Amino acid sequence: MDSEHIKQERRAQKRILEAKVKARPELGEKDCDGWRKMRYSEWFDLDKSKVKDTVERIHVKDVPIDQFIEKYEKLYKPIVILGLTDHWKATYKWTLPHPRRKKLLEDYEIPKYFNDDLFKFAGEEKRPPYRWFVMGSARSGTGIHIDPLGTSAWNSLIQGHKRWCLFPTNTPREIIKVRPQEGGKQTDEAITWFHIIYPQTQQPSWPPEFKPLEIIQKPGETVFVPGGWWHVVLNLENTIAITQNFSSLTNFPVVWHKTVRGRPKLSKKWYRALKEHRPELAIVADQVDLSKGTGLASDSSSGSSSSSSSGSSCCSSSASGSDDEDSGKESISDRKRKRKRSVNQDEENKDQRRHRR
């Protein structure tokens, strides 16, 4: 290994350490030892041959768009799609290790089934974060969650293997969420979920109507996650993927309902844009009964998760939960702005207290 590669490796390790501290400061014990405290690397089984894959697969050549909508999207049925990534530049450009690339958006294309992107009318700056380039090492992942605002998602895997469990929207959150007393500081980690909750789902006492769908996602496969489905994803190896959330003509009534309830300011801007560019959708929005539920659960903790945006990411532009809880995902910049506002507010409060004294 030459000196330049050594420098790159050192820079990468430094950035990884900084990212860990920023993302999970509560694990920042000496030398970030909190990340190794459970010693999962020593005993957690990553053998994909032991997982029974239970989700149907289709090939893009065999299923036209209208058939996909009728058989899968309208029925909110998870599916694995083959062949969507065959012609992507990402299949040979996105490698480990790989050079820094600024034009990731040119290396893939939106799959034909998911070309609807109705949130684009809200504007790139105002819309919820919706796309991620994701990399993760073995045993990293995304904890159990529902994608926000009723959006559906697709996840295309370029390298490695991912393990998925999906649960229908009416699954009670209390039986699939890790409790703090069980998971400690790693309650929301995917590997914690697979260690604590997954074995329970395999017991005879587990309600059969809430049995998980299981997937071992292979390179070149795209997982379709319908809105409202609980899902948890674990990387079994070093992985690279691209994932996006979307609002389509099919799920628009649900997404609109949840956006009005959870993001009222966004919904007003979105509505004005729809009246101008897609007036037929503004009419649909007017007909949505906001006094009734959507039938899809919400997950108030999904503010920190995308659909399997496991590992580091960029390019981001409940049965017991209520629609009011669903406010959409926060981007890193959103959280920074909130922290800044919080700090500024604290300073203002201190000044006010000094003035009163």
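Note: the structure precedes this text.
Quick caveat: nothing in here was measured; it's all calculated off a predicted structure. (Residues numbered from 1 in each chain as written. Predicted model: local features only at pLDDT ≥ 70, side-chain atom pairs only at ≥ 80, totals over all residues. Heavy atoms only, no water.)

Before going further, it helps to spend a moment on the pattern of salt bridges. Going through the model one piece at a time under the given rule, you end up with 14 salt bridges. Between E56 and K77 there is a salt bridge, with the nearest N and O atoms lying 3.0 Å from each other. Here K77 lies in the loop between α3 (65–73) and β2 (79–82) and E56 lies in the loop between α2 (40–43) and β1 (57–59), a separation of 21 residues in the sequence. With relative accessibility at 34%, the residue E56 sits in the partly exposed group. One salt-bridge network, in which partners are shared between bridges, spans D53, R57 and E221. (Salt bridge = Lys/Arg side-chain N within 4 Å of Asp/Glu carboxyl O. Helix = DSSP H or I, 4+ residues; strand = E, 2+ residues; numbered from the N terminus. Buried < 20%, exposed > 50% of the residue type's maximum accessible area, 1.4 Å probe, protein only.)

Let us look at a positive patch on the surface. A cluster of basic residues, K126, K265, K268, K269 and R272, forms a positive patch on the protein surface. As for its placement among the helices and strands, K126 is situated in the loop between α4 (90–93) and β3 (131–136). (Patch = residues over 30% accessible without salt bridge, like charges linked within 9 Å, V, L, I, M, F, W, Y side chains within 5 Å. Areas by Shrake-Rupley, 256 points an atom, 1.4 Å probe, with all protein chains shown as cover. Lys, Arg positive; Asp, Glu negative; His and termini not counted. Charge placed at Lys NZ, Arg CZ, Asp CG, Glu CD.)

Counted as a void, the largest cavity has a volume near 60 Å³. In terms of lining, the largest cavity is formed by 11 residues, of which the most central are F119, P128, P129, T151 and N245. Class assignment for the residues of the lining of the largest cavity results in seven nonpolar, two polar and two charged. (1 Å grid on protein atoms, 1.4 Å probe; cavity = no way out; pocket = protein on both sides within 12 Å on 5 of 7 lines; lining within 4 Å. Points joined across faces, edges and corners; volume = space filled by probe spheres on them. Nonpolar A, V, L, I, M, F, W, Y, C, P; charged D, E, K, R; others polar.)

Here F119 shows up in the loop between α4 and β3. What makes F119 buried here is its relative accessible area of 4%. In this structure, the C-alpha to C-alpha distance between F119 and S267, residues 148 residues apart in sequence, is 9.9 Å. Apart from the residues within four sequence positions on either side, F119 is in contact with R127, P128, L149, T151, S247, V255, T259, L266 and W270. (Contact = heavy atoms within 4.5 Å.)

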